[in-house]
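Reading the structure
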Amino acid sequence: MKNIIVAGSKPWNKEIFETFTKKKKLNWFFVSTPAQLDSVLVKISKPDFLFFLHWNWKVSSEIIKKHECVCFHITDLPFGRGGSPLQNLILNGNKETMISAFKMVEELDAGPIYIKKPLLLNGRAEDIYRTANNLSLEIMIWIIENKPSPVTQNNNPTYFNRRGIKESLLPLNSSLSSIYDFIRMLDAPTYPKAYINYGDLKFEFSHSNLKNDFIEAKVIIKKDKFK
């Protein structure tokens, strides 16, 4: 029976993984930290595949060279290599994108492509990530069953920069639709929420809904720890 390691660092990764993998009888191993990954690789020295759903750490050259590592990126690679792809896509006005499944190499997001699948960018960031997670798991099964040969990316990549916490400050002089998009693109666990400052208070926004001439949203008000 095949040994499959799945790595995911976000809260929804394991939840969706546990539901999905009950449908397919393989030796599944889920890890959420580099330490867990190292531990599993000691026990399972030759996994058939190592899939990275959403990973916050650089994978070592040793692991990449030794194992068939597959990563998922929410852009139509080679467009949009780099950090914060979902947020950058929404800021660019994109309404849809592709999930690119690719073989990992040492250069970030530069490996050959196994397959791409379309993904709509509707709703909160968490909703989009969950949809992307489900789609990635379906792609994962397809790769396991079909063992496709990945195809080299073309030579015209574009790059996104990873966004920092201070870039979550709501921009001034924006349209209602732009503010709605800004709030929803950051609305997922572990991401810094869209916010404004008021004196030494911080107003954080989530669960936004765009109406005809206003936005409804949840707001949390707290002391700004940086002030």
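Notes on the structure follow. (Residues numbered from 1 in each chain as written. Predicted model: local features only at pLDDT ≥ 70, side-chain atom pairs only at ≥ 80, totals over all residues. Heavy atoms only, no water.)

With 46 residues, the main nonpolar core has Trp 28, Phe 51, Phe 72 and Ile 144 as its most contacted residues. For this core, the element with the most residues is helix α5 (residues 125–146), which contributes 11 residues. Among residues more than four places away in sequence, those in contact with Phe 51 are Ile 4, Ile 5, Val 6, Ala 7, Val 70, Phe 72, Met 140, Ile 143 and Ile 144. Judged by nonpolar contacts, the second largest core, of 19 residues, contains Leu 37, Phe 52, Trp 55 and Phe 102. (Core = buried A, V, L, I, M, F, W, Y, C linked by side-chain atoms within 4.5 Å. Buried < 20%, exposed > 50% of the residue type's maximum accessible area, 1.4 Å probe, protein only. Helix = DSSP H or I, 4+ residues; strand = E, 2+ residues; numbered from the N terminus. Contact = heavy atoms within 4.5 Å.)

Spatially, β2-β1-β3-β4-β6-β7 is the arrangement adopted by the six strands of the open sheet, whose pairing is mixed. At either end of the open sheet lies a strand with only one pairing partner, and these are β2 (27–31) and β7 (113–120). Neighbouring strand axes in the sheet, compared pairwise and without regard to direction, differ in orientation by 20° on average. Pairing analysis gives five bridges linking strand β1 (residues 3–8) to β2, with the strands arranged parallel. Counted as the bridge partner of Ala 7 is Val 31 from β2. (Pairing = 2+ DSSP bridges. Axes fitted to C-alpha atoms, helices over the stretch in contact; angles between N-to-C directions.)

Inspection of every chain in the model, using the stated rule, returns 12 salt bridges. Across the pair Glu 126 and Arg 130 runs a salt bridge whose closest N-O atoms are separated by 3.2 Å. Of this pair, Glu 126 and Arg 130 both sit in helix α5, four residues apart, roughly one helical turn. Since its relative accessible area comes to 22%, Arg 130 is described here as partly exposed. Each of Glu 15, Arg 124, Glu 126, Asp 127, Arg 130 and Asp 187 takes part in a single network of salt bridges with overlapping partners. (Salt bridge = Lys/Arg side-chain N within 4 Å of Asp/Glu carboxyl O.)

Burial runs high along β1: six of the six residues are buried. Crossover β1 to β2 through helix α1 (residues 11–20) is right-handed. Examined bridge by bridge, β1 and strand β3 (residues 49–54) share five bridges and lie parallel to one another. When the sheet's bridge partners are listed, Ile 4 is paired in β3 with Phe 49. (Right-handed = clockwise from strand over helix to strand, strands pointing away.)

Just geometry here; none of it tells us what the structure is for.
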